[in-house]
Amino acid sequence: MKICFHGTADEISLVAGRPLLVLLTAHDLPRMRVFELFRPHVHAYPSHEHYRLCAVMTETTDEGRTG
C-alpha cells in the first residue's frame, strides 16, 4: 500500500530514517502493527516549510518477514 506523511522537516526526518513503523490501531483490532517502508521519497514545499514523504508500506509478520 502506498502512503504519504505530511509535516515539517523535523517531523519527516523522524519517519524517513526508519525502515520499520509501529502503528497503534483501533481497540477492536490487534493493539500494534508493524510495517516496513520501501522506496521512500520526499517532496519539498519550501514556501510553506512543509514536506511530504511517500513510500510503499507492507505489514510484517511475527517473524519479521513481510507477508
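Please refer to the structure higher up on the page.
Residues numbered from 1 in each chain as written. Predicted model: local features only at pLDDT ≥ 70, side-chain atom pairs only at ≥ 80, totals over all residues. Heavy atoms only, no water.

Chemist: Even after reading the chapter, I still don't get the overall build of the chain, so can you show me in this structure?
Modeler: Broken down by element type, the chain carries 1 helix and 4 strands. Secondary structure elements of the chain occur, N-terminal to C-terminal, as β-α-β-β-β. Looking at the 67 residues of the chain, the share that counts as buried comes to 19%. If you take every contact in the chain between residues at least 6 apart in sequence, the share linking residues at least 24 apart comes to 40%. (Helix = DSSP H or I, 4+ residues; strand = E, 2+ residues; numbered from the N terminus. Buried < 20%, exposed > 50% of the residue type's maximum accessible area, 1.4 Å probe, protein only. Contact = heavy atoms within 4.5 Å.)

Chemist: Any chance you could explain the nonpolar core here in plain terms?
Modeler: Within the largest apolar cluster, 9 residues are counted, these being Ile3, Ile12, Val15, Leu21, Phe35, Leu37, Leu53, Ala55 and Met57. Listing elements by their share of this core, those giving two or more residues are helix H1 (9–16), strand S3 (32–45) and strand S4 (50–59). For this core, the element with the most residues is S4, which contributes 3 residues. Those residues within four positions of leucine 53 in sequence are excluded, and the remaining contacts are Ile3, Cys4, Phe5, Ile12, Val15, Ala16, Pro40, His41 and Val42. (Core = buried A, V, L, I, M, F, W, Y, C linked by side-chain atoms within 4.5 Å.)

Chemist: Is there a simple way to explain the environment of cysteine 54 in this structure?
Modeler: One can find cysteine 54 in strand S4. Judged by relative accessible area, cysteine 54 falls into the buried class, the value being 2%. Placed 16 residues apart in sequence, cysteine 54 and phenylalanine 38 show a C-alpha to C-alpha distance of 9.4 Å.

Chemist: So what exactly am I meant to see when it comes to the environment of alanine 9 here?
Modeler: Counting through the fold element by element, alanine 9 comes out in helix H1. Along the sequence, alanine 9 and alanine 44 sit 35 residues apart, while their C-alpha atoms lie 9.0 Å from each other.

Chemist: Help me out: how do you make sense of the environment of arginine 52 in this one?
Modeler: Position of arginine 52 among the secondary structure elements: in strand S4. Each C-alpha atom of the pair arginine 52 and threonine 8 lies 8.6 Å from the other, and the pair is 44 residues apart in sequence. In this view, arginine 52 contacts Cys4, Phe5, His6, His41, Val42, His43 and Tyr45; residues no more than four positions away in its chain are not counted.

Chemist: How do you make sense of unusual backbone geometry when you look at a structure like this?
Modeler: Where the residue is not glycine, phi is negative for most of them; where a peptide bond is considered, it is trans in most cases. With phi around 50 degrees, arginine 39 is a residue other than glycine that occupies positive phi space. Tracing the sequence through the fold places arginine 39 in strand S3. By relative accessible area, arginine 39 is classed as exposed at 63%.

Chemist: I keep staring at a nonpolar patch on the surface and nothing clicks. Help me out?
Modeler: Together, Leu20, Val22, Met32 and Val34 line one region of the surface with nonpolar side chains, adding up to about 350 Å² of accessible area. Mapped onto the nonpolar patch, the elements with two or more residues apiece are strand S2 (20–24) and S3. Examined against the element boundaries, leucine 20 turns out to sit in strand S2. Accessibility expressed as a relative area gives 45% for leucine 20, which makes it partly exposed. (Patch = residues over 30% accessible without salt bridge, like charges linked within 9 Å, V, L, I, M, F, W, Y side chains within 5 Å. Areas by Shrake-Rupley, 256 points an atom, 1.4 Å probe, with all protein chains shown as cover. Salt bridge = Lys/Arg side-chain N within 4 Å of Asp/Glu carboxyl O.)

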